[in-house]
Amino acid sequence: MRGMGVQTPLFPLILMLALSCWRVEATDCTGFVSGIRHVPGHSINSSEVSKVLSDRLTGCTRILQNLVISGLDDSITNTSYLNTIKEVFGTVLIFDNRATRISLPNLSVVRGQ
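Criteria and cut-off values
- Residues numbered from 1 in each chain as written.
- Predicted model: local features only at pLDDT ≥ 70, side-chain atom pairs only at ≥ 80, totals over all residues.
- Heavy atoms only, no water.
- Pairing = 2+ DSSP bridges.
- Helix = DSSP H or I, 4+ residues; strand = E, 2+ residues; numbered from the N terminus.
- Disulfide = S-S within 2.5 Å.
- Salt bridge = Lys/Arg side-chain N within 4 Å of Asp/Glu carboxyl O.
- Buried < 20%, exposed > 50% of the residue type's maximum accessible area, 1.4 Å probe, protein only.
- Phe/Tyr/Trp six-rings, centres within 6.5 Å; stacked < 30°, edge-to-face > 60°.
- Lys NZ or Arg CZ within 6 Å of the ring centre and 35° of its normal.
- Core = buried A, V, L, I, M, F, W, Y, C linked by side-chain atoms within 4.5 Å.
- Contact = heavy atoms within 4.5 Å.

Caption draft 1: Region of interest: the sheet that holds strand S1 (residues 28-29). Across the sheet, which stays open at both edges, the 4 strands sit in the order S1-S2-S4-S6 with parallel pairing between neighbours. The open sheet is flanked by S1 and strand S6 (109-110), the only strands paired with a single partner. Strand direction decides the pairing type here: S1 and strand S2 (residues 62-63), joined by 2 bridges, are parallel. Paired with Cys29 across the two strands is Ile63, which belongs to S2.

Here it is as structure tokens:
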């Protein structure tokens, strides 16, 4: 019977070609037009800022607007949501932080548009 448990010599070649063509698509995220807005009468703490950033940026490889990082301090130890960012179409603004280290290890392109 044809095809029952018999592998053709082409099967490994086809599998290898399929795997070599597979790639992860870029994940586009909006980013921020002007950052996280402060609501009068409500003080924003570092953990709230980190949660907003994490919710907005987790898994993003490309930011279509600006990347604004502001208001973080050393109490925030997990900023892994920044590790996947490779490209920012707008500007990168990092200001008013009390964190001793903010890392964007994979960021390679800032378009500034």
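Next, the rest of the story.
Caption draft 2: Spotlight on the state of the cysteines. Inspection of every chain in the model, using the stated rule, returns 1 disulfide. What pairs with Cys29 in a disulfide is Cys60, and their sulfur atoms sit 1.7 Å apart. Classification of the bridge connecting Cys29 and Cys60 rests on its S-S torsion, roughly -90°, and on that basis the disulfide is left-handed. You can see Cys29 sitting in strand S1 and its partner Cys60 sitting in the loop between helix H2 (46-57) and S2, a full 31 residues away along the chain.

Caption draft 3: Seen up close, the pattern of salt bridges. Summed over all chains, the structure comprises 4 salt bridges. Across the salt bridge formed by Lys51 and Asp55, the nearest N and O atoms sit 2.9 Å from each other. Taken together, the residues span about one helical turn, with Lys51 and Asp55 both in helix H2 at a distance of 4 residues. Two residues, Arg98 and Asp96, come together in a salt bridge whose shortest N-O distance is 3.9 Å. Among the residues examined, Asp96 registers a relative accessible area of 52% and is labelled exposed.

Caption draft 4: Geometry of the packing of aromatic side chains. If you walk through the whole model with that rule in mind, you get 0 aromatic pairs. A cation sits over an aromatic face here: Arg111 above Phe89, 5.2 Å from the ring centre.

Caption draft 5: Geometry of unusual backbone geometry. Non-glycine residue Asp96 carries a positive phi angle of around 55°. Summarising the element assignment, Asp96 is placed in the loop between strand S5 (92-95) and S6.

Caption draft 6: Representation of the pairing of strand S3 (residues 67-70) in the model. Going residue by residue along S3, you find Leu67 and Ile69 tucked away on one face and Val68 and Ser70 tucked away on the opposite face as well. By the bridge criterion, 4 bridges tie S3 to S5 in an arrangement that is parallel. Residue pairing for S5: Ser70 is matched across the bridge by Phe95.

Caption draft 7: Seen up close, the nonpolar core. In this structure, Leu53, Leu57, Ile63, Leu67, Leu72, Leu82 and Ile85 are the most contacted members of the largest nonpolar core, which totals 15 residues. When residues of this core are traced back to their parent elements, those giving at least two are H2 and S3. Setting aside residues no more than four positions away along its own chain, Leu67 makes contact with Leu57, Ile85, Val88, Thr91, Val92, Leu93 and Leu104.

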